[in-house]
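Residue-level listing of the chains:
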Amino acid sequence: MKTWLLPAILSLCPALAGASDLPNAHQSIEDTARAAALKGWKFSLAPLVASQALDAASSYGMRELNPLLASSNGGFEAKAMSIKLGIAAAAVGVEYLIVRKHPSAARPLARLNWTTGIVTTGFAVHNFAIR
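Residues numbered from 1 in each chain as written. Predicted model: local features only at pLDDT ≥ 70, side-chain atom pairs only at ≥ 80, totals over all residues. Heavy atoms only, no water.

1. Examining the pattern of salt bridges
Applying the stated criterion across every chain yields a total of 2 salt bridges. Linking Asp-55 and Lys-84 is a salt bridge whose minimum nitrogen-to-oxygen distance equals 3.1 Å. Residue Asp-55 is found in helix 2 (residues 22–59), and its partner Lys-84 is found in helix 3 (residues 78–101); the two are separated by 29 residues along the sequence. Side by side, Asp-55 and Lys-84 carry an identical accessibility label, which is buried. (Salt bridge = Lys/Arg side-chain N within 4 Å of Asp/Glu carboxyl O. Helix = DSSP H or I, 4+ residues; strand = E, 2+ residues; numbered from the N terminus. Buried < 20%, exposed > 50% of the residue type's maximum accessible area, 1.4 Å probe, protein only.)

Dropping the structure here:
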């Protein structure tokens, strides 16, 4: 048998190639799932950041209960807004480092981002309602 013929036959019928080809098939499925999880995580960053910005905008000028964010007169002002948005940016940066090192963490972090976004949007709606 010609040496070029065997690879041609095996490429036409993957079942003849044996068990060595099975991990490649599973790897492509895992790669597709990992890519989908990464895409979902990247998409979840938008509601996280938007909800934090909305909450900061809704709190601006109001009395702040968090002593870390409250100014000397007890209000939520520019310093508090920069601290709040800086913490959100740091959280996104830490998530990026985690996902880069452990891609399997993308899905749980995406769920956490969506949950945080929903809860924070609820706080913002409350702040707008009491104005």
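2. Section: the confidence of the model for the chain
When pLDDT is averaged along the chain, the result is 86; 79% of the residues meet or exceed 70. In the model of the chain, helix 1 (residues 5–12) stands out as the element of lowest mean pLDDT, 55, in contrast to helix 4 (residues 106–129), which has the highest, 96. (pLDDT = per-residue confidence, 0-100.)

3. Remarks on the packing of aromatic side chains
Applying the stated rule across the entire model yields 1 aromatic pair. With a centroid separation of 6.0 Å and 45° between ring planes, the pair formed by Phe-43 and Trp-114 is classed as tilted. Here Trp-114 lies in helix 4 and Phe-43 lies in helix 2, a separation of 71 residues in the sequence. For Phe-43, a relative accessible area of 58% puts it in the exposed group. The class for Trp-114 is partly exposed, based on a relative accessible area of 37%. (Phe/Tyr/Trp six-rings, centres within 6.5 Å; stacked < 30°, edge-to-face > 60°.)

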